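Listed below, chain by chain, are the residues.
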Amino acid sequence: MLIANASAEDACGLCVKQIVTNSELATCFLDQYDQFAKTSSDAVVVDLSSCASRGIVEALPSPTKAPAEPDVQFMVSRPQLQCLKKQLETPGIVLDPSATIELDNCK
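Rules behind the numbers
- Residues numbered from 1 in each chain as written.
- Predicted model: local features only at pLDDT ≥ 70, side-chain atom pairs only at ≥ 80, totals over all residues.
- Heavy atoms only, no water.
- Helix = DSSP H or I, 4+ residues; strand = E, 2+ residues; numbered from the N terminus.
- Contact = heavy atoms within 4.5 Å.
- Phe/Tyr/Trp six-rings, centres within 6.5 Å; stacked < 30°, edge-to-face > 60°.
- Buried < 20%, exposed > 50% of the residue type's maximum accessible area, 1.4 Å probe, protein only.
- Lys NZ or Arg CZ within 6 Å of the ring centre and 35° of its normal.

### Brief notes about the side chain of Gln 32
Looking at the element boundaries, Gln 32 is found in helix H1 (residues 23-37). The residues contacting Gln 32, other than those within four sequence positions of it, are Asp 47, Leu 48, Ser 50 and Cys 51.

### Considerations on unusual backbone geometry
Of note, the amide linkage connecting Asp 96 to Pro 97 takes the cis form, showing an omega dihedral of 5°. With respect to the secondary-structure elements, Pro 97 resides in the loop between helix H2 (78-88) and strand E4 (99-102).

### What to know about the packing of aromatic side chains
With the rule as written, the count across this model stands at two aromatic pairs. An angle of 70° between the planes, with centres 6.0 Å apart, marks the rings of Phe 29 and Tyr 33 as edge-to-face. Placement of both Phe 29 and Tyr 33 in helix H1 is noted, with a separation of four residues, approximately one turn of the helix. Judged by relative accessible area, which is 1%, Phe 29 ranks as buried. Look at Tyr 33 and you get buried, because its relative accessible area is 10%. Between Phe 29 and Phe 36, the aromatic rings sit 5.8 Å apart at their centres with planes inclined by 20°, giving stacked as the arrangement. Ring pairing ties together the aromatic residues Phe 29, Tyr 33 and Phe 36, which thus form one cluster. Directly above the ring of Tyr 33 sits Lys 85, whose terminal nitrogen or CZ lies 5.2 Å from the centroid.

Laid out in structure tokens, this is it:
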């Protein structure tokens, strides 16, 4: 019902405004970018769950602020998809332990 009510101006009411990623997921996203870009819909579902490390036991979170958990599944608009790619390709970007990428910065 939510999707049906989205107006043309807000073509992607379920799209995220930012994502949290790390270098492993960023590399995976860039490797799969062409596949995501091929979709014909205005809203693109990005699923990086097949990229996440398997079998690694996470350390217990420290009492101080733990790094944000990376997003492995999210929905973005076509311009946001291109924006994310552009930001992840920025030379010298620091992605570890995790980085928050704002998707409304590219207009």
